[in-house]
Amino acid sequence: MQDTEPQTADAKVLWHFTMSLDGFVAGPDNGHDWMTGFAFRPGLVGEYVETTGAVLGGRKGWDKAGEDRPYGGAWHGPIFVLTHHPEDARPDDRVTFLNCGVAEAVRIALTAAGGKNLEVFSPTIGRQLLELGLIDEIDLHITPVLLGDGIRLYDNPGGEPVRLREIGSDELPTVVNVRYRPSKLPR
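Residues numbered from 1 in each chain as written. Predicted model: local features only at pLDDT ≥ 70, side-chain atom pairs only at ≥ 80, totals over all residues. Heavy atoms only, no water.

Q: Got a minute to help me understand the packing of aromatic side chains in this structure?
A: Here a ring pair, both rings aromatic, is described through the centre-centre distance and the interplanar angle of the planes. Enumeration over the complete set of coordinates arrives at three aromatic pairs. Here the aromatic cluster, defined as three or more aromatic residues joined through ring pairs, consists of Y48, Y71 and F121. (Phe/Tyr/Trp six-rings, centres within 6.5 Å; stacked < 30°, edge-to-face > 60°.)

Q: I keep staring at a nonpolar patch on the surface and nothing clicks. Help me out?
A: On the surface, L21, L140, I142, L146, V176, V178 and Y180 cluster together to form a nonpolar patch covering roughly 630 Å² of accessible area. Examined against the element boundaries, L140 turns out to sit in strand 7 (residues 137-143). Its relative accessible area of 30% is what places L140 among the partly exposed residues. (Patch = residues over 30% accessible without salt bridge, like charges linked within 9 Å, V, L, I, M, F, W, Y side chains within 5 Å. Areas by Shrake-Rupley, 256 points an atom, 1.4 Å probe, with all protein chains shown as cover. Salt bridge = Lys/Arg side-chain N within 4 Å of Asp/Glu carboxyl O. Helix = DSSP H or I, 4+ residues; strand = E, 2+ residues; numbered from the N terminus. Buried < 20%, exposed > 50% of the residue type's maximum accessible area, 1.4 Å probe, protein only.)

Q: Can you walk me through unusual backbone geometry in this structure?
A: Negative phi characterises most residues that are not glycine, and trans characterises most peptide bonds. Unlike most non-glycine residues, A11 shows phi in positive territory, near 55°. Following the sequence through the fold, A11 ends up in the segment before strand 1 (13-20). Since its relative accessible area comes to 35%, A11 is described here as partly exposed. The backbone of Y71 shows a phi angle near 60°, a positive value even though the residue is not glycine. Tracing the backbone shows Y71 in the loop between helix 2 (59-65) and strand 4 (79-82).

Q: I keep staring at the nonpolar core and nothing clicks. Help me out?
A: Soluble, globular proteins show a tendency: their nonpolar side chains are buried together. Core analysis: the biggest nonpolar cluster contains 21 residues, and V13, L56, L82, L118, I125 and L129 have the highest contact counts within it. Mapped by element, the contributors of at least two residues to this core are strand 1, strand 3 (52-58), strand 4, helix 3 (102-113), strand 6 (117-121) and helix 4 (123-131). For this core, the element with the most residues is helix 3, which contributes five residues. When residues no more than four places from it in sequence are discounted, the contact partners of V13 are V106, L110, L118, V120, L129, L134, I135, D136 and E137. L14, W62, Y71 and W75 belong to the second largest nonpolar core, which has 11 residues in total. (Core = buried A, V, L, I, M, F, W, Y, C linked by side-chain atoms within 4.5 Å. Contact = heavy atoms within 4.5 Å.)

In structure tokens:
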């Protein structure tokens, strides 16, 4: 199964991540250095640059990102960081720090997105929005790597399973089959 439909700007709340095959979106230290050496569909990054109107993330991700901007600096737009302690956040004129509920943060960020998509770059915020029914789409790029440790996309011990359906299909969800072999390539 290959995603061949281009991303569209429809004022969606889009939970978007590159993820390891074992479900991690960041390393144990919130690092992303493992995300190198993979090929994405041609034009994919450009689609997100064009269709993203705002980004919503959490404080841990922001603190780790430093000066990095989404999509290698190709995207420019409003970034919102949800935090309980905006007073001690590293200041940045390009970022708005929010201390409110996740639903209010989405309302603020969607308004700023101006009809384009709001991308959610936080597993914790994404889980909360999913529970509130505020995620329109989950967009994952699964990489052929097993991290074994780190920050999971969805971690909800004791919670109910969340069933998903493929976009553009009303049929019974199809299992995605992948086959890989351990690689001898350098890391």
